[in-house]
Amino acid sequence: MKQRVPVEEIMTTELVTLKVTNSLYDAERLFKQHKIRHIPVVENKKIIGVLSYSDLLKISYADVLDDEESVSSVVYDMYTISQVMAKVVVKALPTATVKEVTEILAKQSFHSLPIVDINGDLVGIVTTTDLLKYFLSQY
């Protein structure tokens, strides 16, 4: 296995993002349209949170009821992105190694890690799926 591979080699750089002014309806549409499970929430290129699809499921039964006029309609009107998203505390630089990022995610209860440049601007995201794909490619 390659040693000291920087996470910038495996991170997702074509990001789908949200702003706190977006609605949870917008978020659900983006999750389904792009077939993703984590969306960074940004303000002026700075990461302020991450909304996961499981965050929506916790409040809405979005996946259980596939009806457009389901429980999610009522619940989505009760909450904002900033109320549901996880506030980001842990981030990494693009130069962090795959091993370092894996160690961070292995110790935490979340499944994605925002990657920021030296100025704190969001430049990518790495997920547990990205890491699994990388490790599988090594065999």
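Preceding this paragraph is the structure being described.
Source: prediction; values computed, not measured.

### Some thoughts on the pattern of salt bridges
Summed over all chains, the structure comprises three salt bridges. In this structure, the salt-bridge partner of E28 is K32, at a minimum N-O distance of 2.9 Å. With E28 and K32 both in helix α1 (residues 24–34) and four residues apart, the pair spans about one turn of that helix. On the basis of relative accessible area, K32 is assigned to the partly exposed category, the value being 40%. Two residues, K46 and D121, come together in a salt bridge whose shortest N-O distance is 2.6 Å. Of this pair, K46 sits in strand β2 (residues 46–52) while D121 sits in the loop between β4 (112–116) and β5 (122–127), and the two are 75 residues apart along the sequence. In this structure K46 comes out as partly exposed when scored by relative accessible area, which is 32%.

### Comments concerning the sheet that holds strand β1 (residues 38–43)
In spatial order, the strands read β1-β2-β3; together these three strands make up an open sheet with antiparallel pairing. With one partner strand each, in any of the chains shown, β1 and β3 (86–87) form the two edges of the open sheet. In terms of strand pairing, β1 meets β2 through six bridges, oriented antiparallel. Among the inter-strand pairings, I39 is bridged to a residue of β2, identified as L51. The strands touched by helix α2 (residues 53–60) are β2 and β3; relative to β2, the strand with the most contacts, the crossing angle is about 55°.

What counts and how
Residues numbered from 1 in each chain as written. Predicted model: local features only at pLDDT ≥ 70, side-chain atom pairs only at ≥ 80, totals over all residues. Heavy atoms only, no water. Salt bridge = Lys/Arg side-chain N within 4 Å of Asp/Glu carboxyl O. Helix = DSSP H or I, 4+ residues; strand = E, 2+ residues; numbered from the N terminus. Buried < 20%, exposed > 50% of the residue type's maximum accessible area, 1.4 Å probe, protein only. Pairing = 2+ DSSP bridges. Contact = heavy atoms within 4.5 Å. Axes fitted to C-alpha atoms, helices over the stretch in contact; angles between N-to-C directions.

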